[in-house]
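Fold and geometry: a report
Chain by chain, the residues:
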Amino acid sequence: MDNSETPSMYRRTLRAGLILGVIGVVTIISASQLQMIVMDSGVSQVLLPVFAAIYQLAGVGCLPFSAALVSASLVMRHMDATKASCHGSDEQQPRNGAGG
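A brief structural summary. Since this is a predicted model, take the numbers as computed values, not measurements.

Time to look at the overall build of the protein. Looking only at helices and strands, the protein features two helices and zero strands. Of all 100 residues assigned to the protein, the portion counted as buried reaches 14%. In the protein, the share of contacts with a sequence separation of at least 24, taken over all contacts with a separation of at least 6, comes to 80%. With the model as given, the accessible surface of the protein reaches about 7900 Å², and the carbon-plus-sulfur share is 65%.

Turning our eyes to something else, we now look at helix H1 (residues 9-41). Quick reminder: α-helices carry 3.6 residues per turn. Residues three or four places apart thus point the same way. Where H1 bends most, the angle comes to about 50°, and this point is alanine 31. Taken residue by residue, H1 has Tyr10, Thr13, Gly17, Gly21, Gly24, Thr27, Ala31 and Val38 as its buried positions. Those residues of H1 that are buried lie in contact with helix H2 (47-85).

In contact at an axis separation of 7 Å, H1 and H2 are set at 165° when each is read in the N-to-C sense. One element, H1, and the other, H2, form an angle in the roughly antiparallel class. Seen from above, H1 lies across H2 with left-handed handedness. For the contact of H1 with H2, the per-class residue count stands at 25 nonpolar, eleven polar and two charged.

So, on to the side chain of serine 73. Relative to the elements of secondary structure, serine 73 occurs in helix H2. Setting aside residues up to four positions removed in sequence, serine 73 forms contacts with Tyr10, Thr13 and Leu14.

Next up on the list: a nonpolar patch on the surface. Together, Val25, Ile28, Ile29, Val60 and Leu63 make up a nonpolar patch on the protein surface, roughly 410 Å² of accessible area in all. If you list the elements that add at least two residues to the nonpolar patch, you get H1 and H2. For the nonpolar patch, the element with the highest residue contribution is H1, accounting for three residues. Summarising the element assignment, leucine 63 is placed in helix H2. We classify leucine 63 as partly exposed; its relative accessible area is 33%.

Inspection of the entire model under this criterion finds one cavity of 30 Å³ or more. Roughly 30 Å³ of internal volume is contained in the largest cavity. Lining the largest cavity, in full, are Ala31, Leu34, Gln35, Phe51, Ala52, Tyr55 and Gln56. Element by element, the count of residues in the lining of the largest cavity is highest for H2, at four residues.

Conventions we followed
- Residues numbered from 1 in each chain as written.
- Predicted model: local features only at pLDDT ≥ 70, side-chain atom pairs only at ≥ 80, totals over all residues.
- Heavy atoms only, no water.
- Helix = DSSP H or I, 4+ residues; strand = E, 2+ residues; numbered from the N terminus.
- Buried < 20%, exposed > 50% of the residue type's maximum accessible area, 1.4 Å probe, protein only.
- Contact = heavy atoms within 4.5 Å.
- Areas by Shrake-Rupley, 256 points an atom, 1.4 Å probe, with all protein chains shown as cover.
- Bend = angle between axes of the 7 residues up to and from the residue.
- Axes fitted to C-alpha atoms, helices over the stretch in contact; angles between N-to-C directions.
- Parallel < 35°, antiparallel > 145°, perpendicular 65-115°, else oblique.
- Left-handed = near helix turned anticlockwise from the far one by under 90°.
- Nonpolar A, V, L, I, M, F, W, Y, C, P; charged D, E, K, R; others polar.
- Patch = residues over 30% accessible without salt bridge, like charges linked within 9 Å, V, L, I, M, F, W, Y side chains within 5 Å.
- Salt bridge = Lys/Arg side-chain N within 4 Å of Asp/Glu carboxyl O.
- 1 Å grid on protein atoms, 1.4 Å probe; cavity = no way out; pocket = protein on both sides within 12 Å on 5 of 7 lines; lining within 4 Å.
- Points joined across faces, edges and corners; volume = space filled by probe spheres on them.

On their own, these measurements won't tell you what the molecule is for.
Quick look at the structure:
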């Protein structure tokens, strides 16, 4: 598989994180407007609170996952850059400042 044909993993992860973040923000912003539209349409008053809670939780739930995906993509990009700069080196990098 050629790297030029497919986007790298960190780009796909970053794109998914950004899309999820936009969905979360749009969901949170539009929650009150959608609730007003549903109330005017005559939907059962029993289903309205359930629907509103699910809709709001979906928006709030998207934001942490978005942040996690964006962070993971940055870590993956850093790891790819580190591997590229250290290619062929058999020496282990010191951990936690313990060198030698």
